[in-house]
Every structure is written in C-alpha cells, then in structure tokens.
Amino acid sequence: MSPQRWSLFILFFLAGVVGMLPAAERASSHAAFGPRALWAAVSPLPEQAVSLTPVTATQGFDDAPSREMIEALAKVQANYYGASPNRGELTYAAIRGMIGTLGDKYTRFLNPKQYQRMQEENSGEFGGVGVVLTLNDANEAEVSQVDAGGPAARAGVRVGDRVVAVDEHPIRPGSHAAERVQDLLHGDPKTTVRLSLLRPKRLTPIPLTMTRTVIVMPTVTSRLLSNGVGYLKLDSFGERSDEEVGYALRRLKARGMRALVLDLRGNPGGFFNAAVDIASRFIDQGPVVYTRDRDNQRVPVPNIPSRRMTPRVPLVVLVDGWSASAAEIVAAAIQDSHSGVLIGQKTYGKALVQTINPNPDGSALVITTHHYYTPSGQDISHKGVKPDVAVELPVKPTPNVDPPLQRAVAVLREMTRRQLSERH
C-alpha cells in the first residue's frame, strides 16, 4: 500500500472510530449481533434506540495530528532496531492508545479473535471441548469445570488439571493464562486439539487429544422448590436468554409454581434488549428504563406488554455486588414498579450502555454511548440498587446453606399467605 493510500486508510478508519454512530435500530431478542448492538455489562437495545449526531470524515480532525500519526507509523517501521510489528498491529495499538485517553474502562477495542469469542459466548454456542478455565493462586490456567459427556470429559480431563500447552503453544503462568487457553480451545467443530496437562502428584505432563464439538451454554437454570416456589437463575443476558426464561417459566407453571425467586446474583449483564424483554415479563407497565445520550436527550424505554407473565405470582429477586448493568436494569424496574421484592446485597452500580461497532476486518469497537436511569429517575452509577431486604453473607459460609435464598422463600411464603387471605 502506498503512503498516500495508507494515509487515507488511517484517516477514514480513525474517522469511523471517533464518529460514534448514526441512528441505531432495535434488534430482535433472537437476532445475532447486528452491525451495532447495545451492550450493558461489566465485561462485558432499547425499544427505541437514541439517535446520535453523525460525524463526517474530517469533523473533529486537523491535518497535523493525522500527519504525525502516519509519520510515526512509518518511522517505527523504518527505523526500529528490533523486529518491526506489521501495520495491522501498529494500527490496533494506535486505536487502543486513542481509546485509553477517554479514561473509560468500558470503551474498548476487540481484535478479530476477541470479537469472535464475544459473539460465540453470547450466542450460547461455540466450537470447544467443554471445559472452564480459571486462574489458580499461582496464576496458572486450571480446569475448574468439565462438562459431563463432552470431548474433554471423554478424553480424561479432570478438575484441578493445569494446562501447560495447547497444540504445542506453551501456556505460561500469568494474568491472562486462562483466557489464552480458552482462546486456543475455541475452534471449528470436528477439528482436533491437543492439550498437555499437569496433574497433582504427576511430575510429567499428560498429553491428551480431543475433537471439538458444538458447546451449548444455557444462561438459565430452574427448578421447583418446596411449597410451589419456583427458582430461576439467570447467569447473563445473552441472545437467547429471554427465550430460555420464557421456556423455564412455562415449565415451572406447568409443575404448579405459585411464587418465584429470580436469582440475578453474579450476573454481569449482557444485551440491553434482553434486559428490556426479560423485565417486561415481570412488570405491568413501563418504562423499563430511561436512556440519556451525549446530546442529553432523555428517552424512556417502554415495556413490552405482550411478554407479561400470566398469571402474576409473588416475586422475589436475589441480587448481590456482582449483579451489574443489564441485571441492575431488570432489578430496578421490578423494584420501582413494585412488582417484586429485592433481597440480598447492593448491586454493582454500572449505569452505562455500550454500542458494539464491528469493523470490516472482523475487529470491533465497544463505545460507551448512553447513560441509563431507573424508572423512578435514579442514577445508580457507583451506588448500585439497594435491596428492599438486606441479607449479608456470613464470613464463613456453611456448605449447602444459602441465607438469601432462605430469606426469599420465607418472604414469598408470607406474600402468598397474605395474597390468599385477601382473596377470602
């Protein structure tokens, strides 16, 4: 590419970065990532998305900084003593540096592999081997979960195994070790992958080969507790979460559910439109939330009456300090509309919404574009949503004892008793 063409590429690429977005349209609950999707998570769509002022290719730029960037790229490649990174790597580094000047940890750049992984995880399906990796105390990638019947389980992978290599790529201890293993394990179904594992009491690595398959990761688990109390745990707000919630509610009702615990503890958020859809199942009228854009336009996001769960049953929502963003939207909507009782600890306190902007090369920019407010107009940034009934966890938890859930069942029992006495 000639210097002139490279200059134009940089200018138009950077104009797309800082140009924010034109008007976005509401995405379906079941649609895959569109060109732009609204994201409400700590990781990480309104009924009517807010329009933002478009920026032209030259607006906000003068020639000098652009020339300086292009010259800097050329000088690094021409003069650096060591191995010079390619232009793609330099461009990505420049974008990350520019984003870093915003001082917003939620606005970030995803390279093609990171964006692909984000899409896979939020679609609920990806090619993998059925393991979950976490960092142990030594910053090693350690297997913390093995899916029963999955490729890893069939090959003999065990919880506690430490991954030291994937397809001859060494995995060294570090803060990104688990993430690196997960990236290498993801791939097309029916392809093979080789792992080298260190196991307690074994001095030499164990080589294992397995074939990737389609891994389906549901975001909802549910069961019926005693006395007709339904329990629904929502782990995140993915593309299919609303569909999964609807299916779980139908099953619980068919089994005689008379009250419900919605567990949002540890839920980091996800798609904004999924939060609106799911909140609409539990509230009689909106708005679900208010959004405000950079032009200070305040827009109510209405509920979707057709999604309302019927018949209505007493509802308790469990929250904690890791219930964030989209989870806080649902919790606050239920609390402000008096549709249920919140129990647990104060939530995380993230009231920002990001817009995901894919790039032609497969990378993406996740840009903070909106601030949201609860239906009563509260700003929960850095404050979180306070539960109606606070239940602090003991310093030393007792195995198989869940104080917030126990309190939720007790509250629902009283709500159900009161409801029955009012009917008579």
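Look up a bit, the structure's there.
This text gives an overview of the structure that appears in the document. Keep in mind that what you see is a predicted model, and the values were worked out from it rather than measured.

Remarks on unusual backbone geometry
Cis geometry marks the peptide bond from Gly286 to Pro287, where omega comes out at 0°. Structurally, Pro287 is set in the loop between helix H8 (272-280) and strand S15 (289-292). Going from Thr310 to Pro311, the amide bond is cis rather than trans, its omega being -5°. Within the fold, Pro311 resides in the loop between strand S16 (298-301) and strand S17 (315-319). For His338, which is not glycine, the phi dihedral falls at a positive 55°.

Things to note about the packing of aromatic side chains
Counted by the stated rule, this structure contains two aromatic pairs. Each ring, one from Tyr92 and one from Phe109, has its centre 4.8 Å from the other, and the planes form 55°; the classification is tilted. Highlighted residues: Tyr92 in helix H3 (residues 87-100) and Phe109 in strand S2 (residues 108-110), separated in sequence by 17 residues. On the accessibility criterion, Tyr92 (18% relative accessible area) is buried. Of note, Arg223 hangs over the ring of Tyr231, and the distance from its end group to the ring centre comes to 4.4 Å. Above the face of the Tyr290 ring, Arg298 is positioned so that its terminal group lies 3.8 Å from the ring centre.

Regarding the pairing of strand S6 (residues 162-166)
For S6 and strand S8 (residues 192-198), the ladder comprises four bridges, and the chain directions are antiparallel. Residue pairing for S8: Val163 is matched across the bridge by Leu197. Relative to strand S7 (residues 169-170), S6 runs antiparallel, the two being bridged by two bridges. Note on S7: the bridge partner recorded for Val166 is His169. The antiparallel pairing of S6 with S7 creates a hairpin that spans two residues between the two strands, and Asp167 there sits at a positive phi of about 50°.

The rules behind each value
- Residues numbered from 1 in each chain as written.
- Predicted model: local features only at pLDDT ≥ 70, side-chain atom pairs only at ≥ 80, totals over all residues.
- Heavy atoms only, no water.
- Helix = DSSP H or I, 4+ residues; strand = E, 2+ residues; numbered from the N terminus.
- Phe/Tyr/Trp six-rings, centres within 6.5 Å; stacked < 30°, edge-to-face > 60°.
- Buried < 20%, exposed > 50% of the residue type's maximum accessible area, 1.4 Å probe, protein only.
- Lys NZ or Arg CZ within 6 Å of the ring centre and 35° of its normal.
- Pairing = 2+ DSSP bridges.

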